[in-house]
Amino acid sequence: MIIEILRLGHRKERDKRVTTHCALVGRAFGARGMYYAGDPDDGLERSVEKVNGSWGGDFFIKHVSEWRRFIDEKKKQGWGIVHLTMYGIPLPEVQARIARLERSLVIIGAEKVPGEVYRAADFNVAIGNQPHSEVAALAIFLDRMLGSMEFNITFSNARIRVIPQERGKRVEALDL
Ligand code: SAM
């Protein structure tokens, strides 16, 4: 299953840390890339590209200026639209149906998400019906759908990698 992310409502100053964390979680747990709507943010894009440069892979990050049209286009191309929201249906109840999608666009919000997103989504999915965080919701969703934490993804073109230790830190430089 191919998963891409759409982060709605990025505010350059206020959200830079959380949006970066959404991208890092997406990358580490198996999504192909993340689109974001809101303020264009070169710093955000550079920090994700810097992580790719050291730790490998080709996770993309791209700004979209017209997210409504973007979602429509994705639907026309056959992508399933999964919106993560505390108001949705708990993941275990819809997980099997979502797993049948070949490609899905996972939408996460920042502040209030417009009603049209709920209507456009094929699935409005709750990671529990309590308010928490887009970072946590995305991590759990990707882990349940892709199981990537168990597999501990390795990325091509990495310059460095962690050698897991019971104590302390060990990082190995890789020959490219
Ligand atoms: N009350 C807001 C709303 O409209 O959902 C909460 C905003 S929350 C700070 C930002 C994002 O985190 C939400 O848009 C949603 O994508 C995600 N989120 C928070 N809690 C969630 C939950 N229990 N299940 C799924 N997603 C959640």
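The structure we're discussing is the one just above.
Note that the structure is a prediction, hence the values are computed from the model and not measured. (Residues numbered from 1 in each chain as written. Predicted model: local features only at pLDDT ≥ 70, side-chain atom pairs only at ≥ 80, totals over all residues. Heavy atoms only, no water.)

S.K.: Break down the packing of aromatic side chains for me, with residues and values.
M.R.: Considering all chains together, one arrives at two aromatic pairs under this definition. Seen in terms of ring centroids, Tyr35 and Phe70 are 4.5 Å apart; in terms of plane orientation they differ by 55 degrees. Their pairing is tilted. On the criterion of sequence distance, the pair formed by Tyr35 in strand E2 (residues 33–38) and Phe70 in helix H3 (residues 67–76) is long-range, its members being 35 residues apart. Accessibility classification places Tyr35 together with Phe70 in one group, the buried group. Joined through ring pairs, the aromatic side chains of Tyr35, Phe60 and Phe70 make up one cluster. Over the ring of Phe60 we find Lys62; its NZ or CZ atom is 4.7 Å from the centre of that ring. (Phe/Tyr/Trp six-rings, centres within 6.5 Å; stacked < 30°, edge-to-face > 60°. Helix = DSSP H or I, 4+ residues; strand = E, 2+ residues; numbered from the N terminus. Buried < 20%, exposed > 50% of the residue type's maximum accessible area, 1.4 Å probe, protein only. Lys NZ or Arg CZ within 6 Å of the ring centre and 35° of its normal.)

S.K.: Report on the site of the ligand, specifying residues and quantitative values.
M.R.: Taken together, 18 residues form the shell around the ligand, and within it Leu84, Ile127, Gly128, Gln130 and His132 come nearest. The separation between a nitrogen atom of the ligand and a polar main-chain atom of Thr85 is 3.4 Å. Take Gln130: an N or O atom from its main chain is 2.6 Å from a nitrogen atom of the ligand. Notes on the ligand: free accessible area 560 Å², of which the protein chains cover 85%. Only strand E4 (80–90), strand E6 (123–126) and helix H6 (134–146) provide two or more residues apiece to the shell around the ligand. Ranked by residue count, the leading element in the shell around the ligand is E4, at four residues. (Near = heavy atom within 4 Å. Polar contact = N/O pair within 3.5 Å; in protein donor to acceptor, adjacent residues only side chain to side chain. Areas by Shrake-Rupley, 256 points an atom, 1.4 Å probe, with all protein chains shown as cover.)

S.K.: An account of the side chain of His10 is requested, with residue identities and associated values reported.
M.R.: Following the sequence through the fold, His10 ends up in strand E1 (residues 2–10). Overall, the relative accessible area of 1% leaves His10 in the buried class. Apart from residues no more than four positions distant in its own chain, His10 is found in contact with Asp15, Lys16, Thr19, Tyr36, Ala37, Gly38, Asp39, Asp41 and Leu44. (Contact = heavy atoms within 4.5 Å.)

S.K.: Lay out the pattern of salt bridges in plain terms, naming residues and giving numbers.
M.R.: In this structure the tally under the stated criterion is 10 salt bridges. Measuring nitrogen to oxygen at the nearest pair gives 2.8 Å for the salt bridge that ties Glu4 to Arg32. Linking Glu4 in strand E1 with Arg32 in the loop between helix H1 (16–28) and E2, this pair joins segments that are 28 residues apart in sequence. Owing to a relative accessible area of 42%, Arg32 belongs among the partly exposed residues under this scheme. We note a salt bridge from Lys16 to Glu13, for which the minimum N-O separation is 3.1 Å. Via salt bridges that share partners, Glu4, Arg32 and Lys74 belong to a single interconnected network. (Salt bridge = Lys/Arg side-chain N within 4 Å of Asp/Glu carboxyl O.)

Keep in mind these numbers describe shape, not what the thing actually does.
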